[in-house]
Amino acid sequence: MEKNLLSEVYSKLRILYYRDVFRRIQNRELSLTTTEAYCIEIIGALGKPTINEFASFIGISSPNATYKVNSLIKKGYLKKQQSGTDKREFILEVTSKYYKYWNINEKYMDIVEQRLKEKLSPEEYESFNGVLQKALDEILPALTLKEEKNTKDK
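All of these numbers come straight from a predicted model, not from anything done at the bench.

Thresholds applied
All residue numbers here refer to positions counted from 1 along the written sequence of the relevant chain. Residue-level local features of this predicted model are given only where pLDDT is at least 70; pairs of side-chain atoms are given and counted only at 80 or more, and the full residue set underlies all totals for whole chains, interfaces and linings. Each side-chain value is worked out from all heavy atoms of the structure, with water and hydrogens disregarded. Note on conventions: DSSP H or I runs of at least 4 residues are helices, E runs of at least 2 residues are strands, and numbering of each starts at the N terminus. Only protein chains enter the accessibility calculation, which uses a 1.4 Å probe. A residue is then buried if its area is under 20% of the maximum for its type, exposed if over 50%, and partly exposed in between. Two residues qualify as a contact provided that any one of their heavy atoms is within 4.5 Å of a heavy atom in the partner residue. By nonpolar core we mean a set of buried residues, namely Ala, Val, Leu, Ile, Met, Phe, Trp, Tyr and Cys, connected to one another through side-chain atoms within 4.5 Å. A carboxyl oxygen of Asp or Glu within 4 Å of a side-chain nitrogen of Lys or Arg is what we treat as a salt bridge. To estimate the expected span of a helix, count its residues, drop one, and scale the result by 1.5 Å. To obtain the arc, one takes the directions from the helix axis to the C-beta atoms.

For the rest of this paragraph, the subject is the overall build of the protein chain. Summing up its helical and strand segments, the protein chain has seven helices and two strands in all. Start at the N end of the protein chain and walk to the C end: the helices and strands fall as α-α-α-α-β-β-α-α-α. In the protein chain, which comprises 154 residues, the proportion classed as buried is 23%. A fraction of 51% describes how many contacts in the protein chain between residues 6 or more apart in sequence connect residues 24 or more apart.

See the structure below:
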């Protein structure tokens, strides 16, 4: 059977991320549980979702999502603001503490990108980025829709 290269790349990036999360939890650099780390990553990727949008996206109940959100707020990774249109809704927003945590993950991707720039010709690098963009456009359309909604709301 032929290997699916996209799946292989995703799998390797995912296990590197998991390894990083576990190391930081082990070293007490990260004050989050593994589940909380995944939740904050999702909230950050969704781009200012409501609690209900977050709950719906990961398939959990609103009370369960609220519990997770409150824990992330207490630890300083997340804040919530009351919606301007519906006072019953709260918009979730990651904090600078989250961005500090996220930067640690991004450093490795910067290294990989630099290596690719060195190994590929400018044309190959541009083509590679074009292919990545097309792949990205196909991954999780729900995220793309959420990002478009946030852009329209601004």
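Bringing the nonpolar core into the picture now. Within the largest apolar cluster, 19 residues are counted, with the highest numbers of intra-cluster contacts made by Ile40, Ile43, Leu78 and Tyr101. Every element with two or more residues in this core is listed here: α1 (5-26), α2 (34-46), α3 (51-58), α4 (62-74), β2 (90-94) and α5 (96-119). Residue contributions to this core peak at four residues, all from α2. If near-sequence neighbours (up to four positions away) are discounted, Leu78 is found in contact with Ile40, Ile43, Val69, Leu72, Ile73, Leu92, Glu93, Val94 and Thr95.

Pairs may arise between side chains of opposite charge once their charged atoms sit close together. Within the structure shown, the criterion is met by three salt bridges. Notably, a salt bridge pairs Lys48 with Glu93, separated by 3.8 Å at the nearest N-O pair. Pair noted here: Lys48 is in the loop between α2 and α3 and Glu93 is in strand β2, with a separation of 45 residues, a long-range link. By relative accessible area, Lys48 is classed as partly exposed at 40%. Put simply, Arg88 and Asp86 hold a salt bridge, and the shortest N to O gap is 3.1 Å. The exposure class assigned to Arg88 is exposed, which follows from its relative accessible area of 72%.

The first and last C-alpha atoms of α4 sit 18 Å apart over 13 residues, in line with the 18 Å expected at 1.5 Å per residue. Three or more residues of α4 are buried, namely Ala65, Val69, Ser71 and Leu72. The buried residues of α4 occupy an angular sector of 160° when the element is viewed end-on, so they sit on one face. Looking at α4, the residues exposed on the side facing more than 90 degrees away from the buried face are Pro63, Tyr67 and Lys74. Close packing links the buried residues of α4 with α2, α3, β1 (78-82) and β2.

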